[in-house]
Amino acid sequence: MDPYIETAPSRPSSHRAHQHASSASAAADPYTENSSRHISPPELLRKSSGRTSNAGDISGDSEELGFPPQSAPAAHDHPLQNDLTAAIGEFVGTFFFLYMAFVATQSALSRKTADLNGTVGIDNSTVLYVAFSFGFSLVVSVWVFFRISGAALNPAVSLTLWLVGGLPGRRLFFCVPAQLLGGIAAAGLAKVSTLGPLNVANGTSDGVSNGMAVAIELFCTMLLCFTVLMTAAEKSKQTFIAPLVIGLAVFVGHLASIGYTGAGINPARTLGPAVILLTFPSNTWVYYVGQIMGSFAAAIVYVIFKHLDYSEVVAGIDTSDQTKSQDISKAPLLMVIGYPSWNQLEDPASKRYSRTIVTRDGTVVRTLGKESA
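Here the structure is a predicted model, which means the values were calculated and not measured.

Basis of the calculations
- Residues numbered from 1 in each chain as written.
- Predicted model: local features only at pLDDT ≥ 70, side-chain atom pairs only at ≥ 80, totals over all residues.
- Heavy atoms only, no water.
- Salt bridge = Lys/Arg side-chain N within 4 Å of Asp/Glu carboxyl O.
- Helix = DSSP H or I, 4+ residues; strand = E, 2+ residues; numbered from the N terminus.
- Buried < 20%, exposed > 50% of the residue type's maximum accessible area, 1.4 Å probe, protein only.
- Core = buried A, V, L, I, M, F, W, Y, C linked by side-chain atoms within 4.5 Å.
- Contact = heavy atoms within 4.5 Å.

1. A closer look at the pattern of salt bridges
Next up, step 1: Per the counting criterion, the structure on display carries three salt bridges.
Next up, step 2: Here Asp83 makes a salt bridge to Arg170, at a shortest N to O gap of 2.7 Å. A residue pair is termed long-range when its members are at least 10 positions apart, and Asp83 in helix H5 (residues 79-109) and Arg170 in helix H8 (residues 169-193) qualify at 87 residues.
Next up, step 3: According to the relative accessible area criterion, Asp83 is buried, its value standing at 4%.
Next up, step 4: Look at Arg170 and you get partly exposed, because its relative accessible area is 45%.
Next up, step 5: The salt bridge partner of Arg171 is Asp83, with a shortest N-O separation of 2.5 Å. Separated by 88 residues along the polypeptide, Arg171 in helix H8 and Asp83 in helix H5 bring together distant segments of the chain.
Next up, step 6: Look at the salt bridges and you will find they share partners, linking Asp83, Arg170 and Arg171 into a network.

2. What to know about the nonpolar core
Next up, step 1: Core analysis: the largest hydrophobic core is formed by 44 residues, its most contacted members being Leu98, Phe102, Phe134, Leu138, Val157 and Leu224.
Next up, step 2: Listing elements by their share of this core, those giving two or more residues are H5, helix H6 (124-145), helix H7 (155-163), H8, helix H9 (210-233), helix H10 (242-261) and helix H12 (285-307).
Next up, step 3: Setting aside anything within four residues of it in sequence, one finds Phe134 in contact with Phe97, Leu98, Ala101, Phe102, Thr105, Val250, His254 and Arg269.
Next up, step 4: Val208, Val214, Val286 and Tyr287 belong to the second-largest nonpolar core, a separate cluster that totals five residues.

Right, dumping it as structure tokens:
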């Protein structure tokens, strides 16, 4: 038997009595249509390879094999379930991120030392410790939960993603409350699982005006949100390390703001301890206003750069192709010192180059090399 002859499935007995039916009815019979059609090896492999279309869609394969079309529910057939799953992921991810950071901060602040004037304060090593705690707790949480919910873990980041069209409005409606609840749960558990009073609530330092606090929160939150857009929302060869870069943005933001505002940068981080401690200072609004303004500012800058088609400014920079490396043959510095330079030979098709080295005493040395692959 020719292995490339497609054989029809066994015919039910009810069809045997109608073997001499009209050609029109035979064409409509799924058991007789193309029952001995000669097909090529690639087509046979394609037909026998199972699902080749989108996940859950088996209608194309069933039609090609001559069977009645079938259908299976796709992922987007359950949007409410997906939104709830994302919300649960955001709650758990925000909880782990903030709980680990709060506990680490409690550990650092429980060992505060007095300065030369006898005033108890936070020294630079403690600031560094707290910044590392928040930054790297976020790195781990984002890397774990980005496959589940996208791992915004911050209402300000979710707002930015919605503003640029990267997050549906209904998903935003589900995820933001989940993130806020995650922050409250993290602060509550940190309070009962650590020694001493909870010392992680945000508060401005003496002498810091409301305007200064808003500005600091604005720019630190903007840095975080813009980092998310450029490393996670914008796909590139570096997207896989986006969680690390996002965590570093939080680390830098904490270094800049701990001494002034206590480093909010995240409405869930600000709200959680305030709810558990039932402390809402009169200037609490500066955190939420600054964070929301930072979210809008990041979205505006991102949209402007996208409108200007920023990728064309340094086109090809995001590549591992060595042939796209910087050509220094006409570098101004080499023209000044005359050492070294690369000159192409007369036969460009050979892809061979000569290296001209002019030494300090004026001696010219030429070596022949081949262009790297």
